[in-house]
Amino acid sequence: MAAMKPRTGDGPLEVTKEGRGYVMRVPLEGGGRLVVELNAEEAKDLGAKLLAVFG
């Protein structure tokens, strides 16, 4: 059996390409992660909105 990572919110934001989409894993304050699957158009839209706020 493979070693399992502890389920904590510690760690970086991760985005991986899986198949045709992207999977984003966001660490949460209380522990665990929010996992969101996006298609390419949604990922571009999210990136543009974040740049508008922080850019």
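Each chain carries its own residue numbering, running from 1 in the direction its sequence is written. In keeping with the predicted nature of the model, local features appear solely for residues at pLDDT of at least 70, side-chain atom pairs appear and are counted solely at 80 or more, and the whole-chain, interface and lining totals rest on all residues. Excluded from the side-chain calculation are hydrogens and water; included are all heavy atoms of the structure.

Chemist: What is the right way to look at the sheet that holds strand β2 (residues 21–27) in this model?
Modeler: Whenever strands of a sheet pair, they do so through backbone hydrogen bonds, lying parallel or antiparallel. By definition, two strands form a pair when at least two bridges between them are found by DSSP. Going along the chain from the N terminus, every DSSP run of H or I of four or more residues is numbered as a helix, and every run of E of two or more is numbered as a strand. In space, the 3 strands of this open sheet follow the order β1-β2-β3, with antiparallel pairing throughout. Where the open sheet ends on each side, the last strands, each with one partner, are β1 (14–18) and β3 (33–38). Taken over all neighbouring pairs, the strand axes of this sheet differ in orientation by 20° on average, direction set aside. Taken strand by strand, helix α1 (residues 40–54) contacts β2 and β3, and its axis lies near 120° from that of β3. For helices, the fitted axis covers only the stretch in contact; all axes are lines through C-alpha atoms, and the angles between them, taken along N-to-C directions, range from 0 to 180 degrees. By definition in these notes, contact holds between two residues if any of their heavy atoms fall within 4.5 Å.

Chemist: Can you help me understand the pattern of salt bridges in this one?
Modeler: A side chain with one charge can pair with a side chain of the opposite charge if their charged atoms come near. For this analysis, a salt bridge means a side-chain nitrogen from Lys or Arg found within 4 Å of a carboxyl oxygen belonging to Asp or Glu. For the coordinates displayed, the defined rule picks out 2 salt bridges. Residue R25 is joined to E18 by a salt bridge in which the shortest nitrogen-to-oxygen separation is 3.4 Å. Here R25 falls in the partly exposed class, since its relative accessible area comes to 23%. Think of it in three bands: with a 1.4 Å probe and only protein chains considered, a residue is buried below 20% of the maximum accessible area for its type, exposed above 50%, and partly exposed in between. When its relative accessible area of 40% is taken as the criterion, E18 is described as partly exposed.

Chemist: Would you mind going over the packing of aromatic side chains with me for this structure?
Modeler: In this description, an aromatic ring pair is defined by two values, namely the gap between the centres and the angle between the planes. Note on ring pairs: Phe, Tyr and Trp rings are taken, using the six-membered ring of Trp, and paired if centres are within 6.5 Å. Classes follow the plane angle, with under 30 degrees stacked, over 60 edge-to-face and the rest tilted. Going through the model one piece at a time under the given rule, you end up with 0 aromatic pairs. Criterion for a charge above a ring: Lys NZ or Arg CZ within 6 Å of the ring centre, and within 35 degrees of the ring normal. Directly above the aromatic system of Y22 lies the positively charged group of K17, at a separation of 4.9 Å from the ring centroid.

Chemist: What's the story with the pairing of β1 in this structure? I'm lost.
Modeler: Sheet faces and side chains relate simply in a regular strand, where the side chains alternate between the two faces. The pairing of β1 with β2 spans 5 bridges and is antiparallel. For E14, the partnering residue across the bridge sits in β2 and is R25. In this antiparallel pair of consecutive strands, β1 and β2, the connection spans 2 residues, and G19 shows a positive phi of 65°.

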